[in-house]
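# Chains, contacts and geometry: an overview
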Amino acid sequence: MISEGSCGTEDSSTVADHPDFDAGSDAEALYDAMKGFGSDKEAILELIASRSNAQRQEIRAAYKSQFGKDLIDDLKYELTGKFERLIVGLMRPPAYHDAKEIKDAIKGAGTDEKCLIEILASRTNEQIHNLVAAYKDAYDRDLEEDVIGDTSGHFKKMLVVLLQGTREEDDVVSEDLVEQDAQDLYDAGEAQWGTDEAKFIMLLGNRSVTHLQLVFDEYQKIAEKSIEDSIKSELSGDFETLMLAVVQCIRSKPMFFARRLYKSMKGLGTADNTLIRIMVCRSEIDMLDIRECFRLRYEKSLYNMIQDDTSGDYKRTLLKLCGGDDDIAGEFFPEAAQIAYKMWEISAMTKVQLRGTVRPYQNFDPASDAQALRKAMKGFGTDEDTIIDIVANRSNAQRQEIRQTFKSLLGRDLMADLKSELSKNLERLILGLMMSPAEFDAKMMKKAMEGAGTDEHALIEILVTRNNQEIQEMCSAYQNAYKKSLEDAIASETSGHFKRILISLAQGTREEDPADMARALEDAQVSELADACNADSGDLEDRFMSILCTRSFPHLRRVFQEFVRCSNKDIEQIIKKEMSGDIKNAMFAIVRSVKNQPSYFADRLYKAMKGLGTDDRALIRIMVSRSEIDLFNIRKEFKETHDASLHEFIQGDTSGDYRKILLILCGGED
C-alpha cells in the first residue's frame, strides 16, 4: 500500500563514503597518475568517482600539504573537454559547484535561464544559503544583485524569492489554508481575465513542499485540471518555465531531474553541461530515485541512454555515478511507485479540453470553392497554392460539401481530378483531407495491410485511438470500398494473440461507462492483472486483453492506479517485461492512450520524423486524422516532451508544397 507522503528511499545515493579511506594515499595515487608524460585517466576516474564529496575535499587538502599544489589546477592542466569538466565538478564542494554553474549561466552576452531555473527551483533552504555564501566567497559578488542585473519581470521576482531560501519547512502544513491557497491560485488565474502573478509567486515560492502537494490536489478538484496545465495556459516565457519547474520539484525532485536528463540526451547532440551538472550534484542525494523515475517515464534506463549518448572516459565516469542498469531491475522503489500512482490519479481527474487546429471556414461558399479548384487544375500546369489554401482551411464537413458541389456543378469527380494533377506526398495528403474520416481510416487500414509487409504500428494506432462510433463507421466504409469486412482482412493478415486483440478492438464495442471504483479494484487485484503477472504468457495476454480491450478509458485509468497500489509495479513496466513484439506494442499503445492520448500521438509524430528519413505515411495519417480533434493538444505535448515544436520538426523534415500544407494543419509555432 502506498502512503500519500512518500518522498523517496531512505538512501537513494549511488556514491557514498569509501571504506578504508586514506586521504594521503589517494592524494599520492592521483599525483602518480598525473606525473610524467600523459596521465592515467582510468586511475583518476576510478578513484574520484568512488569517493564521497567530503572525502574528495580531504584528498584535495592532503594533496596541497603533500605536494604544495592545488589538485583542481593539476586536473585542469592534465585533462580536457567534457571529461575535465566532469572530474573538476566532482572535486568542488556542492555549494561551490552550484556557484560556478550559476556564474557561468549569467556571464557573457546571453543568460542560460534553464540552468538558473534548474538550480534555484530544486535546492533546499540550506543548499540555497550555502550557495549564496559560496558565490560571495568565490567571486566576491552578491548573487542576488547579479541575478537582478541579468533577468527581468516576474521571472526575476520569483528567482529573488527562491534566493531567500525561506520556504516553510516540510513539517509546516496549515490544514485550514490548503483549501484557501488552492482557491486563491484558481482565482489568480483560471477564474479571471489576466493573471495575478504575484499570488502565484507568493504561494509557490514560500509554502512548504508537503503543504503545496496538498494544495495541488485540492486545486485539481476545483479547476478540474492540473496546476501544471493552468500554468501553461496562464503564464509564458521563462516565468512559465520557472513556475513549472517549481511545481515539478514540489511534486517530485527525482522526476524533475529525470526529465532534465532525458532532454539533455535525446535528439541530435547532447547538452553536456546539464548532464554533468545533474550527475555530479545528485549522485549523493537521490540518483537511485532519478533512475527509477527515468525508467518509469521513458521506458528505458538512464544507464542505457548514457551508454548510447556518450563515449570514452567521460562515459565511464558518468556510468559509475549512475551506478547501475535498471533495465535489469525489478519492481519500483517507493518514490517511483508513488509517482506512478499520482500520475494515474491526475490522469483520472483531469478533464482535458481537446482542441483541433482546423475549424470551419467562416464565409464558406461550396460553389465558389468548387469553381476555384476547377480553375486551379484546368489547362497547363496546376495552381497548387489555391488547392492548398482551400483544402487546408476548410473543415472536413465543408470539404464533403465541396466534393458534392464539384460533381453536381461540373459533372466531374474532384478526387479523380486531384489525383491526376498532384503527385507523391502532396497528393496523398490532399486526398486524405478530402475523404471523410471513416473513408480515410478505412484507406489507412487497407494500406497498412497490403503489399509484402504489414504495418502493425498503423493498425494498432488506428484501432486503439478511435472511439466506438468511429470504428463502426470505418468498418462500414471499409466494406463499401473494398467489398470485404475489415475483420476478415485483419484475420488474413495477422495471427495469434495479436490478431485476437485487433479483432476485439475492431468490434467497436468498448464500454463507455465512467469508472466503477469497486470493479476497478477487482480488475486490478489478484484475480486479474496482478495475478496475471505470475501466469504463463498465453494466460497473461488473455487476462490483459479481457480488461484492456473492453473497459472504458476512464475506468482503465482507475484500474491502472489501483494496480500500482496493489502490486507496487506500473502496468507499463509489466507489459514491457512480460510481453514482446506486436502484442507488447498493442497493449502499450492502449495504456499510453488511456494515460494521455495527445501525448501518445506526439510520440508517434516524433518517431515519424526523428533520425534518417521520414515516415510520411504516419505523419500524414496523424496530421489528417487529428487536425479537427486534438492536434493543438498534441502540439503542446510535443513541445513539452521534446523541447522543440512540432512546427520546427515539420519545417526541418519536409519540403515544398507538402511542407506548406502540413504547417497550415499544424496551426502554429508554439
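Residues numbered from 1 in each chain as written. Predicted model: local features only at pLDDT ≥ 70, side-chain atom pairs only at ≥ 80, totals over all residues. Heavy atoms only, no water.

## Observations concerning the overall build of the protein
Going by this rule: Counting from the N terminus, the helices are the DSSP runs of H or I reaching at least four residues and the strands are the DSSP runs of E reaching at least two. Two things to know: the radius of gyration comes from C-alpha atoms, and the globule rule equals 2.2 Å times the number of residues to the power 0.38. Each residue is placed in one exposure class: buried if its accessible area under a 1.4 Å probe, protein chains only, is under 20% of its type's maximum, exposed if it is over 50%, and partly exposed if it falls in between. Residue contacts are defined here by distance: any two heavy atoms, one from each residue, within 4.5 Å place the two residues in contact. What sets the accessible areas is the Shrake-Rupley method with a 1.4 Å probe; for residues, cover comes only from the shown protein chains. In this charge count, Lys and Arg are treated as positive and Asp and Glu as negative; neither His nor the chain ends contribute. Charged side chains are reduced to one point each, which is NZ for Lys, CZ for Arg, CG for Asp and CD for Glu.
A count of helical and extended segments in the protein gives 41 helices and zero strands. In terms of overall size, the protein behaves like a compact globule, its C-alpha atoms giving a radius of gyration of 28 Å where 670 residues would be expected to give roughly 26 Å. Referenced to the eigenvectors of the C-alpha coordinate spread, the extents of the protein come out at roughly 95 × 60 × 60 Å. Looking at the protein as a whole, 52% of its 670 residues qualify as buried. For the protein, restricting intrachain contacts to residue pairs at least 6 apart in sequence, the fraction spanning at least 24 positions comes to 74%. Summed over its atoms, the accessible surface of the protein is roughly 28900 Å², and 47% of this surface lies on carbon and sulfur atoms. Taken as two groups, the 88 positive and 120 negative side-chain charges of the protein have centres that lie 5 Å from each other.

## Examining the side chain of D441
Selection rule: The definition of a polar contact used here is a pair of N or O atoms within 3.5 Å, where within protein one atom must be able to donate a hydrogen and the other to accept one, and adjacent residues in sequence count solely through side-chain atom pairs.
Along the chain, D441 falls in helix α27 (residues 437-449). For D441, a relative accessible area of 5% translates into the label buried. There is a polar contact of 2.9 Å between the side chain of D441 and the side chain of R466.

## Examining the packing of helix α16 (residues 253-265) against helix α18 (residues 287-298)
The packing of two helices is summarised by the inter-axis angle and the distance between the axes. Where we set the bar: Working convention: axes come from line fits to C-alpha atoms, limited for helices to the stretch in contact. Angles between N-to-C directions cover 0 to 180 degrees. The handedness criterion is simple: a crossing whose near helix is rotated anticlockwise from the far helix by less than a right angle is left-handed, and one whose near helix is rotated clockwise is right-handed. Under the convention adopted here, Pro, Cys and the residues Ala, Val, Leu, Ile, Met, Phe, Trp and Tyr are nonpolar, Asp, Glu, Lys and Arg are charged, and Gly plus all remaining residues are polar.
α18 packs onto α16 with a crossing angle of 65° between their chain directions and a minimal axis gap of 8 Å. Our pair here, α16 against α18, has a crossing hand that is right-handed. On α18, the residues touching P254, M255, F257, A258, R259, L261 and Y262 of α16 are D289, I290, C293, F294, L296, R297 and Y298. Considered class by class, the residues forming the contact of α16 with α18 number eleven nonpolar, no polar and three charged.

## Thoughts on the nonpolar core
Definition in use: The term nonpolar core refers to a set of buried residues drawn from Ala, Val, Leu, Ile, Met, Phe, Trp, Tyr and Cys, joined through side-chain atoms within 4.5 Å.
One finds L75, L204, M279, I430, M445, M587 and M623 to be the most contacted residues of the largest nonpolar core, which totals 200 residues. Considering every element that reaches this core, the biggest residue donor is helix α37 (residues 581-609), with 14 residues. If sequence neighbours within four positions are ignored, M445 has contacts with L459, I462, L463, M474, Y478, L486 and I490.

## Here's the deal with the packing of helix α7 (residues 113-122) against helix α15 (residues 237-251)
Closest axis-to-axis distance for the α7/α15 pair is 9 Å, and the angle between their directions is 30°. Once α7 is placed against α15, the crossing between them reads as right-handed. Residues E113, I117, A121 and S122 of α7 form the contact with α15, whose own contacting residues are D238, T241, L242, A245, V246 and C249. When the residues that make up the contact of α7 with α15 are grouped by side-chain class, the tally is six nonpolar, two polar and two charged.

## Topic: α7
Most of α7 sits inside the fold, with eight of its ten residues counted as buried. Buried residues of α7: C115, L116, I117, E118, I119, L120, A121 and S122, and no others. Contacts from the buried residues of α7 go to α6 (94-106), α8 (125-139), α10 (153-163), α15, α16 and α17 (272-282).

## Some words on the confidence of the model for the protein
Operational definition: Residue-level confidence of the predictor is summarised by pLDDT, bounded by 0 at the bottom and 100 at the top.
Averaged over every residue, the pLDDT of the protein is 90; residues scoring 70 or more account for 94%. The low-confidence segment residues 1-10, where pLDDT is below 50, has 19 contacts with residues more than four positions distant or belonging to other chains.

## Observations regarding helix α11 (residues 175-188)
Going by this rule: What a helix is expected to span follows from its residue count: subtract one and scale by 1.5 Å. Of all possible arcs, the one meant is that of the directions from the helix axis to the C-beta atoms.
Between the first and last C-alpha of α11 there are 21 Å, a value that for 14 residues agrees with the 20 Å anticipated at 1.5 Å per step. Buried residues of α11: V178, D181, A182, D184, L185 and A188, and no others. For α11, the buried positions fall inside an angular range of 160° around the axis, keeping them on one side. In α11, those exposed residues whose orientation departs by more than 90 degrees from the buried face are D176 and E179. Summarising the contacts, the buried residues of α11 are in contact with α12 (197-206), α13 (209-223) and α14 (227-234).

## With respect to the pattern of salt bridges
We count it as follows: By salt bridge we mean one thing: a side-chain nitrogen of Lys or Arg within 4 Å of a carboxyl oxygen of Asp or Glu.
For the structure shown, the criterion picks out 46 salt bridges. For E292, the salt bridge identified is with R295, shortest N-O distance 3.2 Å. Of this pair, E292 and R295 both sit in helix α18, three residues apart, roughly one helical turn. Assigned by exposure class, E292 and R295 land together as buried. Between E439 and R403 there is a salt bridge, with its nearest N and O atoms 3.0 Å apart. Here E439, found in helix α27, pairs with R403, found in helix α24 (residues 396-410); they are 36 residues apart in sequence, far enough to count as distant. Counted as one network, the salt bridges with shared partners bring together R85, K100, E101, D104, K107, E118, R260 and R277.

## Observations regarding a negative patch on the surface
Counted only if it meets this: Nonpolar side chains (Val, Leu, Ile, Met, Phe, Trp, Tyr) within 5 Å and like charges within 9 Å form the patches, drawn only from residues with over 30% relative accessible area and no salt bridge.
A cluster of like negative charges, contributed by E512, D513, D516 and E522, occupies part of the molecular surface. Among the secondary structure elements, D516 is positioned in the loop between α31 (496-506) and α32 (517-524).

## Considering the packing of aromatic side chains
As a reminder, the rule being used: For this analysis, a ring pair means two rings from Phe, Tyr or Trp (six-membered ring only for Trp) whose centres lie within 6.5 Å, classed as stacked if their planes differ by under 30 degrees, edge-to-face if by over 60, and tilted for the remaining angles. Think of it as a cone above the ring: NZ of Lys or CZ of Arg counts as a charge over the ring if it is within 6 Å of the ring centre and within 35 degrees of the ring normal.
Counted under the stated rule, the structure contains 15 aromatic pairs. Look at Y31 and F67: their rings are 4.0 Å apart centre to centre, the planes differ by 5°, and that puts the pair in the stacked class. In this pair, Y31 is assigned in helix α1 (residues 23-34) and F67 in helix α3 (residues 53-67), connecting sequence segments 36 residues apart. The rings of Y31, Y63 and F67 are connected pair by pair, giving a single aromatic cluster. Sitting over the ring of Y139, K103 keeps its end group 5.6 Å from the ring centre. Lying across the ring of Y361, R394 places its NZ or CZ 3.8 Å from the centre.

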